[in-house]
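# What the coordinates show
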Amino acid sequence: MTEIGFRCLGVRPDAYGVFPTLLFRLGITAPDDGAVHAIALRCQIRVEPRRRTYGAAESELLADLFGDPSRWDETVRPLQFANVSVMVPRFTGATEIDLPVPCGYDLEVAAGKYFASLDDGEVPLLLLFSGTVFARAGEGFTVRQVPWDREARQGLPVSTWREMIDRYFPGGGWLRLSTDTLRALQRYKSERALPTWDEAMEALLKEARR
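A brief look at the structure comes next.

With that settled, consider the sheet that holds strand β2 (residues 21-29). Strands sit in the order β1-β2-β6 across an open sheet of three strands; the sheet is antiparallel. In this open sheet, the two strands that pair with only one neighbour each are β1 (5-13) and β6 (94-102). Direction aside, the axes of adjacent strands within the sheet are offset by 25 degrees on average. As paired strands, β2 and β6 are joined by nine bridges and run antiparallel to one another. Within the sheet, the bridge partner assigned to threonine 29 lies in β6 and is alanine 94. Running over the sheet, helix α4 (residues 158-168) touches β1 and β2 and is turned about 50 degrees from β1.

Attention now moves to the environment of aspartate 149. Relative to the helices and strands, aspartate 149 is located in the loop between β8 (140-145) and β9 (151-157). Looking at aspartate 149, its side chain comes within polar contact range of the side chain of arginine 150, at 3.0 Å.

For the structure shown, the criterion picks out 13 salt bridges. Among the ionic pairs, glutamate 48 bridges to arginine 51, the shortest N-O distance being 2.6 Å. Residue classification places arginine 51 among the partly exposed residues on the basis of a relative accessible area of 40%. A salt bridge links aspartate 149 to arginine 150; its shortest N-O distance comes to 3.0 Å. Among the residues examined, aspartate 149 registers a relative accessible area of 36% and is labelled partly exposed.

Turning our eyes to something else, we now look at the state of the cysteines. Applying the stated rule across the entire model yields zero disulfides. Just so you know, cysteine 103 is unpaired, no disulfide at all, and the nearest cysteine sulfur is the one on cysteine 43, 12 Å from it.

Definitions and limits used
- Residues numbered from 1 in each chain as written.
- Predicted model: local features only at pLDDT ≥ 70, side-chain atom pairs only at ≥ 80, totals over all residues.
- Heavy atoms only, no water.
- Pairing = 2+ DSSP bridges.
- Helix = DSSP H or I, 4+ residues; strand = E, 2+ residues; numbered from the N terminus.
- Axes fitted to C-alpha atoms, helices over the stretch in contact; angles between N-to-C directions.
- Contact = heavy atoms within 4.5 Å.
- Polar contact = N/O pair within 3.5 Å; in protein donor to acceptor, adjacent residues only side chain to side chain.
- Salt bridge = Lys/Arg side-chain N within 4 Å of Asp/Glu carboxyl O.
- Buried < 20%, exposed > 50% of the residue type's maximum accessible area, 1.4 Å probe, protein only.
- Disulfide = S-S within 2.5 Å.

So, in structure tokens, the structure goes:
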């Protein structure tokens, strides 16, 4: 069997996941139509921020991640998004599978900050493949490594990301605060008889602006 190949055919939210999950549709080929018994596949996914442009509002928010736009030539680097594994079942010639990628909404993680800063367009992703290929050879099997240079690029629409997140966190998001900060915020909220945490944060922002 000659070298195996990979393509990304698209990405969509998992409509039935118990937590936020994206499904990357992968096309896998064995160019000489050889029979593949299985693949223990690993995939590292990176965000490639340099492969798109940004509006003024996006640039303002991304300054928290990359600094002032005047320094982006030095500070903008690929961001780690996910490391996932999947078993590819037996096929001959070519097959397609879904690669599930669990996603969080942590705004303290670099990829989370990046996604939350975008208004529209696509997130440029690079998928790097590795793993072990078990293939039929005569009366037995061969075991080979996925070549180190197997990769694919895929654009993730920002609208797809938001559709997925809105299924689990409709109209909201999450911030992780220290226990001391939470207690101080709770006192502030209680002293002013503010009914919700959202109103407490709005009041603090108004005071800061004044």
